[in-house]
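# Observations on the model geometry
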Amino acid sequence: MDNSLPPADELVLVDRELAQLDARRSQLLARRAWLVQVLYPPVPAAPFRPRPPVADSTPRSAQNVLLTLGGTLLTIAAVAFTLVSWGSMGIGARATVLAVVTGAALAAPVALLRRGLVSTAESVAALGLVLMVLDAYALHRVALAETGGLGYTAVASAVLAGAWAAYGSALSRLRIPLPAAVVAAQLPLPLGVLAAGGGATAFAWAALLTATADAAVALWTRPVSVRITAGTAAAVLGGWALLTGGRLSLVAPWSGAPLLLAGAAVVLYAAWRVPAFAAAGSTVAGLATLAAAGGLLRTVLPTDWAVPGYVLCALALTSVWRPGDAPTGPAGTGPAPAAPVGAETGAVGFGGRVPRGTRVGLAGAGAGVVVLGVVWALPPVVAGLLGPAARTTGVWSGEHATRALVSYPATALLVLAAAVAALAVLPRLWARCGALALAWALLTALPVPLGLPYAATLALQSLTSAATLWIAVRPGPLTRGLPVAAAPTGRPAVPGTATHGARTTPEADAPAPRREPGPAAPHPAVGGPAWSAWAPSSTRTKAPAAEPASVLGWTAYVGGVASAVSAVALALDVRGATFAVLGAVLALLTGVAVLGADARRVVSAVGAVLAATGLVFAVAAAGGFEDRWTALALLLVPAATAALGSRAPRPVALAVEVTGGAVGLLALGIAASRPAFLALTLALGGVIAAATALRPERRRFASWTAAVLFLLATWVRLAVWDVTAPEAYTLPVSVPALVVGHLRRRRDPEASSWTAYGPGLAVTLLPSLSAAWVDQEWARPLALGVAALAVTLLGARFRLQALLVLGGGVLALDGLHELTPYVVQAVGALPRWLPPALAGLLLLAVGATYEQRLRDARRLRARFGRMR
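Conventions adopted
- Residues numbered from 1 in each chain as written.
- Predicted model: local features only at pLDDT ≥ 70, side-chain atom pairs only at ≥ 80, totals over all residues.
- Heavy atoms only, no water.
- Helix = DSSP H or I, 4+ residues; strand = E, 2+ residues; numbered from the N terminus.
- Buried < 20%, exposed > 50% of the residue type's maximum accessible area, 1.4 Å probe, protein only.
- Areas by Shrake-Rupley, 256 points an atom, 1.4 Å probe, with all protein chains shown as cover.
- Core = buried A, V, L, I, M, F, W, Y, C linked by side-chain atoms within 4.5 Å.
- Contact = heavy atoms within 4.5 Å.
- pLDDT = per-residue confidence, 0-100.
- Phe/Tyr/Trp six-rings, centres within 6.5 Å; stacked < 30°, edge-to-face > 60°.
- Axes fitted to C-alpha atoms, helices over the stretch in contact; angles between N-to-C directions.
- Parallel < 35°, antiparallel > 145°, perpendicular 65-115°, else oblique.
- Left-handed = near helix turned anticlockwise from the far one by under 90°.
- Patch = residues over 30% accessible without salt bridge, like charges linked within 9 Å, V, L, I, M, F, W, Y side chains within 5 Å.
- Salt bridge = Lys/Arg side-chain N within 4 Å of Asp/Glu carboxyl O.
- Expected span 1.5 Å × (residues − 1).
- Nonpolar A, V, L, I, M, F, W, Y, C, P; charged D, E, K, R; others polar.
- Polar contact = N/O pair within 3.5 Å; in protein donor to acceptor, adjacent residues only side chain to side chain.

### A few points about the overall build of the protein chain
- In terms of helices and strands, the protein chain carries 35 helices and 0 strands.
- For the protein chain, with 868 residues in total, the buried portion stands at 34%.
- With the model as given, the accessible surface of the protein chain reaches about 50300 Å², and the carbon-plus-sulfur share is 70%.

### Considerations on the nonpolar core
- The biggest cluster of nonpolar side chains holds 34 residues, and the ones touching the most others in it are Leu290, Val370, Val374, Val381, Leu416, Leu423 and Leu438.
- Every element with two or more residues in this core is listed here: α12 (306-318), α14 (356-376), α16 (411-424) and α17 (429-445).
- With 8 residues, α16 is the single largest residue contributor to this core.
- With sequence-adjacent residues up to four places away left out, Leu416 is seen in contact with Val374, Ala377, Val381, Leu438, Ala441 and Leu442.
- Residues Ala631, Leu634, Ala671 and Ala713 belong to the second largest nonpolar core, which totals 25 residues.

### A closer look at the confidence of the model for the protein chain
- Overall, the prediction assigns the protein chain a mean pLDDT of 79, with 78% of residues at 70 or greater.
- In the predicted structure, residues 53-60 sits below a pLDDT of 50 and forms 2 contacts with residues beyond four places in sequence or in another chain.
- Confidence over residues 327-351 falls short of pLDDT 50; this stretch has 39 contacts with residues more than four positions distant or in other chains.

### Focus: the packing of aromatic side chains
- Applying the stated criterion across every chain, the model contains 5 aromatic pairs.
- For the pair Trp376 and Tyr408, a centre-to-centre distance of 5.6 Å together with 40° between the ring planes defines the contact as tilted. Placement of Trp376 in helix α14 and of Tyr408 in the loop between α15 (379-386) and α16 is noted, with a sequence separation of 32 residues between them.
- Using a relative accessible area of 23% as the deciding quantity, one classes Trp376 as partly exposed.
- Overall, Tyr408 belongs to the buried group, its relative accessible area being 18%.
- Ring geometry for Trp629 and Phe677: centres 5.1 Å apart, planes at 75°, overall edge-to-face. Of the two residues, Trp629 is situated in helix α24 (residues 627-634) and Phe677 in helix α27 (residues 675-692); the sequence distance between them amounts to 48 residues.
- Under the relative-accessibility criterion, Trp629 is labelled partly exposed at 44%.

### Digging into the packing of helix α28 (residues 699-720) against helix α29 (residues 726-747)
- α29 packs onto α28 with a crossing angle of 165° between their chain directions and a minimal axis gap of 10 Å. As the angle between them shows, α28 and α29 are arranged roughly antiparallel. Crossing of α28 against α29: the hand is right-handed. Contacts between α28 and α29 involve Leu711, Thr714, Trp715, Leu718 and Ala719 from the former and Ala728, Tyr729, Pro732 and Val733 from the latter.

### Some details on helix α7 (residues 188-195)
- Of the residues making up α7, those classed as buried are Pro188, Pro190, Leu191 and Val193.
- Just past α7, the residue Gly197 takes up positive phi, approximately 85°.

### Let's talk about a nonpolar patch on the surface
- The grouping of Trp34, Leu35, Val36, Val38, Leu39 and Tyr40 at the surface amounts to a nonpolar patch, some 630 Å² of accessible area in total.
- Within the fold, Val36 resides in helix α1 (residues 7-39).
- Judged by relative accessible area, Val36 falls into the partly exposed class, the value being 36%.

### Observations regarding the pattern of salt bridges
- Summed over the entire model, instances satisfying the criterion amount to 6 salt bridges.
- The salt bridge partner of Glu657 is Arg695, with a shortest N-O separation of 2.4 Å. In this pair, Glu657 sits in helix α26 (residues 650-671) while Arg695 sits in the loop between α27 and α28, placing the two residues 38 residues apart along the sequence.
- Using a relative accessible area of 14% as the deciding quantity, one classes Glu657 as buried.
- The residue Arg695 makes a salt bridge to Glu697 at a minimum N-O spacing of 3.1 Å.
- Judged by its relative accessible area of 11%, Arg695 falls in the buried class.

### With respect to helix α5 (residues 149-170)
- For α5, spanning 22 residues, the distance from its first C-alpha to its last is 31 Å, which sits close to the expected 32 Å at 1.5 Å a residue.
- Among the residues making up α5, those that are buried are Tyr152, Ala154, Ala156, Ser157, Leu160, Ala161, Trp164, Tyr167 and Gly168.

### Considerations on the packing of α24 against α27
- Relative to each other, α24 and α27 sit at 0°, their axes nearing to 10 Å. Here α24 lies roughly parallel to α27, going by the angle between them. The segment α24 lies against α27, with Arg628, Trp629 and Leu632 engaging Phe677, Leu680, Thr681 and Leu684.
- For the contact of α24 with α27, the per-class residue count stands at 5 nonpolar, 1 polar and 1 charged.

### Structural notes on unusual backbone geometry
- Unusually for a residue other than glycine, Asp722 sits at a positive phi of about 60°.
- Secondary-structure assignment places Asp722 in the loop between α28 and α29.
- Residue classification places Asp722 among the exposed positions, given a relative accessible area of 65%.
- Positive phi, close to 55°, is recorded for Arg799, a residue that is not glycine.
- With respect to the helices and strands, Arg799 occurs in the loop between α32 (779-798) and α33 (801-829).
- According to the relative accessible area criterion, Arg799 is partly exposed, its value standing at 38%.

### A closer look at the side chain of Thr444
- Examined against the element boundaries, Thr444 turns out to sit in helix α17.
- Given the relative accessible area of 1%, Thr444 is considered buried.
- Setting aside anything within four residues of it in sequence, one finds Thr444 in contact with Val381, Gly384, Leu385, Gln461 and Ser563.

### Structural notes on the environment of Gly576
- Note on placement: Gly576 falls in helix α22 (residues 575-595).
- Residue Gly576 is classed as partly exposed on the basis of its relative accessible area of 47%.

### Looking at the side chain of Thr411
- Within the secondary structure, Thr411 is located in helix α16.
- Classification of Thr411 as buried rests on a relative accessible area of 7%.
- Among the polar contacts made by the side chain of Thr411, one reaches the main-chain carbonyl oxygen of Asp304 at a distance of 2.6 Å.
- Those residues in contact with Thr411 that sit more than four places away from it in its chain are Asp304, Trp305, Pro308 and Trp376.

Right, here's the structure in full:
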């Protein structure tokens, strides 16, 4: 039964429904607008006010630009008038013009200042100053043409300086006249000296006197512009005078010394008056004093003693420094602690009355000169350390290479010794480290300028290495008198507590210095909770300071290792010396590895292994061993490191065993020229690795290493025996791999067969298949087919995908290889129409049973996927 309406009636019904929906929608929109207006009443908008245009410049800046341009144009016009139009006027007109214009330019600022036009007054006053310079020039051209230019300029600049000073003092609101007067005052004395025919020394004295006057103006005047101008002029002229004095101290010390001392006195007085300038000024004064004193000493001392003379003067100057001048403690966490008794020797008396900034500057100047002297004394150190490495003779030849820098002044040793003595008395960690490094440098450089014989040089190098390595292990005596490092939180360390692994000294156990009265911070009780960690702290937590013993130990250790390497290189000239030095280095580094701390133990252990390797090489060379026997002897080193690794701490053991392994690789490289001995070396290395695998922490890596070494040894031995069958090389790999895979499958039945058995089967089956395809005999393909069939059956029985795929694939390819000749022969005997007919029948059969074959393929894929 069909109940649908006719199309015309249905269209009317649809239009009626749409109209009702539109009406309802309009009602809802109106209701929504009313609700929004009730909930969110509109905010009246602010009336629009147009922003005023932003000016490109302020009125003051525009005024300054206009005044500057106007003054510049007037100045240009005045210069042009004086230089060009001057000759066209008579003497009266000239005087009238100069007097009127200059007087007007100088008088106008008075009226302008009364009206409050300061900027305009500044511009007009500047014009008046320039006109006064032009007046002086015109006066020289007209009335005093016969007067010398330098002398007249000196007098004119003095007159102008006085006039401008008076003018600026009268009109104190003007900022230009007084600085201009200071600038003009720089010329009279220097130009007067040049006019009188004075030389460089007289000119320097004139510059120094002018700079002294400038310094006085900068110190005792109030306007900032005047002080800045005078200070700049004093720095320029005073610096020129001091540089001239420094040059004269090298060529004419008796002329340069008074100039330098006078300049130093002026600078030192300025530094004393201006605390902010104290450090820099006293540094300059100290350098000038040292240049003067050293120059005078050069006139009475030999040439080789020139640098030591400067260094001794510098050390005398540094005696004004006191340890308490340091702004912070050794870790930079607070004020420096009080120095030990006697630490201020040399700072009492004069040093105690000199301000701290001045002391720091003078000591800095002296320290800078000492550093330069030490740098001058370093070439013998470099020659003594690196000279043995630049070998020009054969090893064990008994001949010694020519030394470098044998003519270097022996006074370099005195400079190093003086620096060591100066640093050793300072109770600061950096000073102790510097003294230790310079003492090592002194012992290293000693044979070069003194020309010590070979035996003495070698003994000195060995003793230097032994002494510094002993200090690296026991740096306690060098830490005496050093301040105790603060705790990480900024508080003094609690007595009885120490950083793990740090070696304590008697000084570290000394009672803490008495603190200022006040509320005491709570200390943790022995065995109780760390109360200081919970107590509020007003200081920020900072990183702990470096332990003095550790820093000093590392400083000594670097020097000791460098000396040991240099001694070994030097000992290669003589056979007996080589054995003695290598043995001593081995003993020293072993001692550091046993008694030392932190990373020094690891580095020393590695060095000891290398020294033992060098001894083995030396024994082999002395015994005339061939390379193959040397390779076997080198295996003693990894064997010893493997034995020591079981007893040494973890970091040391790892480093020692890695170094021993590297030596073992070196032995393999040496034995590679003889395959038979290479196989023996590989086998012995495998034995060492297998012995190492007995340790639980080395089992994984060492066991694999032993397996690889044994396998390589087997392969090399088979190659020596001319074995070409691939199974001989692959079966030693496949059998252990299959055993390991079987054990893993027993432990984890869910493991994939490709992971467990795939590598072991592929290593043997694939190379054998490749060999079978090119083999003309029947034995190999038959054996490979039987093995592949067995693998395939095992895979089908135990549902193992890897065995089924690899075995079946190899079996199919092997069978194809065997059947190929017969198939080719049979195909050649058949009629030509038979292959297409057979192909057509095959396609018809597949097409007829397509759905069944597709279901079989899916079922086979699902069953194959369920295999492991």
